[in-house]
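Coordinate inspection notes
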Amino acid sequence: IASPSSALAVPTLENYDPKNAETSPSSGQSYFPTILPPLTKRATFRYSMGRDAFALEQLLVFKDVAATVRTTVIKLSNGDLWVYNPQYPTGEYCRLLDEIGPVKHVVLGCNALEHKAPVGAFCKKYPNASVWISPGQYGPFGKCGRTMAEDYNMGYRIDGIIPPTSSGNDPLPPWADEFDFRTLYISLPENAGPVSEVALRHKQSKSLITTDAVVYIPESPPDIFGTYFSKTSMEEEGFWEKAVLQAVFLPSRREERKANDAGGNNNDISYYWPGYESIKGRLLRAPILRAFGDARAPDATRSWVESIQTMGYFDRILTCHFASPVKSTPDEFVSAYSYLFADEKKRRIEGNGPSIACEDWDVLDGLNKFIDDNNLGAKVVFDYKAGCP
């Protein structure tokens, strides 16, 4: 494992260009049923991420909470498409996907609801594609164990359950020669079900492909937000800041900023959101996952992160929410989880922005206390906000 270094670069975006996205609204934007809006105007934006990788984005909306949700598509060496976490197959989505090439492989990379819910509908559209899924699926969208030897019923054909590592003796997917992968699997008996996520390194493009492992929050909402929200609402002060904070379960705490702070008139007052300032423009483990997941299984998460760091070199990360791709090396990836490591092992990036303030953890602290006090899940065993200012 690499030693701590202040020379690490601050991760930045690379080839993130949603303004030049391809769309095809005339091909159809409706799909029913979905777990969350949009329903009748579910736009899809496609843009190239370079190195034979493509993003197909849709929106997830719940009242005023909104975020992008992304399918990552890799064109393999033979021209076939490898589709990671497919979304709802509207006419527009399928046309934009089919224009890239033939769909031959489908991968469900985690068991989070917003990612597993659309997969059955997608597989019906592409019945000849191979289908491999992360272990420990449960709930109304299917169930499976850790191997095909256990009972499973996903409601659609699956060809395999992704094993812990690409270097073991377990049966491997047909695309395994082009990828390395490491699988997080956490099963705590007090919880409703397991947690799993598969992180993969595409060897040819030197890209790490993840679902929820990390996020990068851009400075402004991507253009796809304009397909659901009015221009007036998007121009309201704090629209983007509040949308981001609600999506990651941080409070929308607002503070005054006097204009003279920037050399202006003392009478002019604007506002800023400290929680947003602490998480934007940096590679980040989403606070909700840090507080709910990592706080209950720190050892398993730490081992997974270290296994990704040593899996092989990559120089960017393709994520499924907010902005992607993000320029990042393995050491910089680990720095997003620095809170999991002892002081001498922390991978802090100098100048990587302020830490989340203690008071901005209040919402997640309160939820964790309610869960623990009422025995609604596994107990918190790790101080996920240690050292907060």
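What counts and what doesn't
Residues numbered from 1 in each chain as written. Predicted model: local features only at pLDDT ≥ 70, side-chain atom pairs only at ≥ 80, totals over all residues. Heavy atoms only, no water. Helix = DSSP H or I, 4+ residues; strand = E, 2+ residues; numbered from the N terminus. Rg over C-alpha atoms; globule rule 2.2 N^0.38 Å. Buried < 20%, exposed > 50% of the residue type's maximum accessible area, 1.4 Å probe, protein only. Contact = heavy atoms within 4.5 Å. Areas by Shrake-Rupley, 256 points an atom, 1.4 Å probe, with all protein chains shown as cover. Lys, Arg positive; Asp, Glu negative; His and termini not counted. Charge placed at Lys NZ, Arg CZ, Asp CG, Glu CD. Pairing = 2+ DSSP bridges. Axes fitted to C-alpha atoms, helices over the stretch in contact; angles between N-to-C directions. pLDDT = per-residue confidence, 0-100. Disulfide = S-S within 2.5 Å. Salt bridge = Lys/Arg side-chain N within 4 Å of Asp/Glu carboxyl O.

Before going further, it helps to spend a moment on the overall build of the protein chain. Assigned secondary structure in the protein chain consists of ten helices and 16 strands. The C-alpha radius of gyration computed for the protein chain amounts to 21 Å, which stays within 12% of the reference 21 Å derived for 389 residues, consistent with globular compactness. The proportion of buried residues among the 389 residues of the protein chain is 56%. Of all intrachain contacts in the protein chain linking residues separated by at least 6 positions in sequence, the fraction that spans at least 24 positions is 64%. Total accessible area on the protein chain is roughly 16700 Å²; 49% of this is exposed by carbon and sulfur atoms. For the protein chain, the separation between the mean place of its 41 positive charges and that of its 48 negative charges on side chains is 3 Å.

Take the sheet that holds strand E15 (residues 316–318) next. With respect to topology, five strands assemble into an open sheet ordered E8-E9-E10-E15-E16, the strand pairing being mixed. Two strands lie at the open edges of the sheet, namely strand E8 (179–186) and strand E16 (326–327), each paired on one side alone. Sheet topology note: the E15/E16 ladder contains two bridges and is antiparallel. Bridging from a neighbouring strand, Ile317 pairs with Val326 of E16. Contacting E8, strand E9 (195–202) and strand E10 (207–209), helix H8 (residues 298–309) crosses the sheet at an angle of about 175 degrees to E8.

On average, residues of the protein chain score 90 in pLDDT, and 92% of them are at 70 or above. Counted against residues more than four places away or in other chains, residues 1–7, with its pLDDT under 50, gives eleven contacts. Within the model, pLDDT remains below 50 along residues 347–351, and this stretch shows 19 contacts once partners closer than five positions in the same chain are excluded.

Under the counting rule described, the total for this entry stands at one disulfide. In this model Cys358 forms its disulfide with Cys388; the gap between the sulfur atoms is 1.9 Å. With the S-S dihedral at roughly 100 degrees, the linkage between Cys358 and Cys388 falls on the right-handed side. On the criterion of sequence distance, the pair formed by Cys358 in the loop between helix H9 (330–335) and helix H10 (362–373) and Cys388 in the segment after H10 is long-range, its members being 30 residues apart. For the unlinked cysteine Cys94, the closest cysteine sulfur is that of Cys123, found at 12 Å. Exposure remark for Cys94: the relative accessible area of 10% places this residue in the buried category.

On to the sheet that holds strand E4 (residues 81–84). Spatially, the seven strands line up as an open sheet ordered E1-E2-E3-E4-E5-E6-E7, and their pairing is mixed. Bordering the open sheet on either side are strand E1 (45–50) and strand E7 (160–161), each of which pairs with just one other strand. Two strands pair when backbone bridges link them, and E1 and strand E2 (residues 53–62) are joined in this way by five bridges, in the antiparallel orientation. Pairing of Tyr47 across the sheet is with Ala55, part of E2. Contacts from helix H1 (residues 91–98) reach E1, E2, strand E3 (65–75), E4 and strand E5 (103–108), with the element oriented near 165 degrees to E2.

On to the pattern of salt bridges. Two side chains carrying opposite charge are able to pair once their charged atoms lie near each other. Under the definition given, this model contains 21 salt bridges. A salt bridge links Lys203 to Asp180; the shortest N-O distance between them is 4.0 Å. Placement of Lys203 in the loop between E9 and E10 and of Asp180 in strand E8 is noted, with a sequence separation of 23 residues between them. You can call Asp180 buried: its relative accessible area is 15%. With a closest N to O distance of 2.4 Å, Asp365 and Lys385 form a salt bridge. Taken as a pair, Asp365 in helix H10 and Lys385 in the segment after H10 lie far apart in primary sequence, 20 residues in all. Counted as one network, the salt bridges with shared partners bring together Glu14, Arg51, Asp315 and Arg316.

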